[in-house]
Amino acid sequence: MLKIAIVEDEGQEAKKLEEFLRRYLAKKEMSWEVVHFSNAEDFLERCRSGYQLLFMDIELPGMNGMDACRKLRSFDKSMTIVFTTNLV
């Protein structure tokens, strides 16, 4: 089972991303689980539960996504990170 974390403060955007993932992984016939976090601090507190794939928004309230991933790398070097943003 693929364990995925989405860190996104805009709920609608997180739902869109989850829907894209659902369709893609259904085509690949993969089982998966996704957990949504609305800020980086909550993710870092609870991320040690073995996520394999992380979708991290860059612009977040409080700690931004780039800083959060620097902290993540201090204790987890294997999680795949995909940065997301709606910045233009």
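Look a little higher up for the structure.
Residues numbered from 1 in each chain as written. Predicted model: local features only at pLDDT ≥ 70, side-chain atom pairs only at ≥ 80, totals over all residues. Heavy atoms only, no water.

Enquirer: For this particular structure, what's the right way to read the nonpolar core?
Expert: Soluble, globular proteins show a tendency: their nonpolar side chains are buried together. Counting 16 residues, the largest nonpolar core has Val7, Phe43, Leu44, Tyr51, Leu54, Met56 and Leu72 as the members making the most contacts within it. Listing elements by their share of this core, those giving two or more residues are strand 1 (2-7), helix 2 (40-46), strand 3 (53-57) and helix 3 (65-73). For Leu54, the contacting residues outside a window of four places in its chain are Ala5, Val7, Phe43, Cys69, Leu72, Met79, Thr80, Ile81 and Val82. The next biggest cluster of nonpolar side chains, apart from the first, holds nine residues, and it includes Ile4, Ala14, Leu53 and Phe55. (Core = buried A, V, L, I, M, F, W, Y, C linked by side-chain atoms within 4.5 Å. Buried < 20%, exposed > 50% of the residue type's maximum accessible area, 1.4 Å probe, protein only. Helix = DSSP H or I, 4+ residues; strand = E, 2+ residues; numbered from the N terminus. Contact = heavy atoms within 4.5 Å.)

Enquirer: Mind showing me how you'd approach the pattern of salt bridges here?
Expert: If charged atoms from side chains of opposite charge come close, those side chains can pair. This model, assessed by the stated rule, comprises four salt bridges. Residues Glu19 and Arg22 are paired through a salt bridge, measuring 2.6 Å at the closest nitrogen-oxygen approach. With Glu19 and Arg22 both in helix 1 (residues 11-27) and three residues apart, this pair spans about one turn of that helix. Residue Glu19 is classed as partly exposed on the basis of its relative accessible area, which comes to 32%. A residue is classified by how much of its surface remains accessible, and Arg22, at 39% relative accessible area, is partly exposed. One network of salt bridges, with partners in common, ties together Glu19, Arg22 and Arg23. (Salt bridge = Lys/Arg side-chain N within 4 Å of Asp/Glu carboxyl O.)

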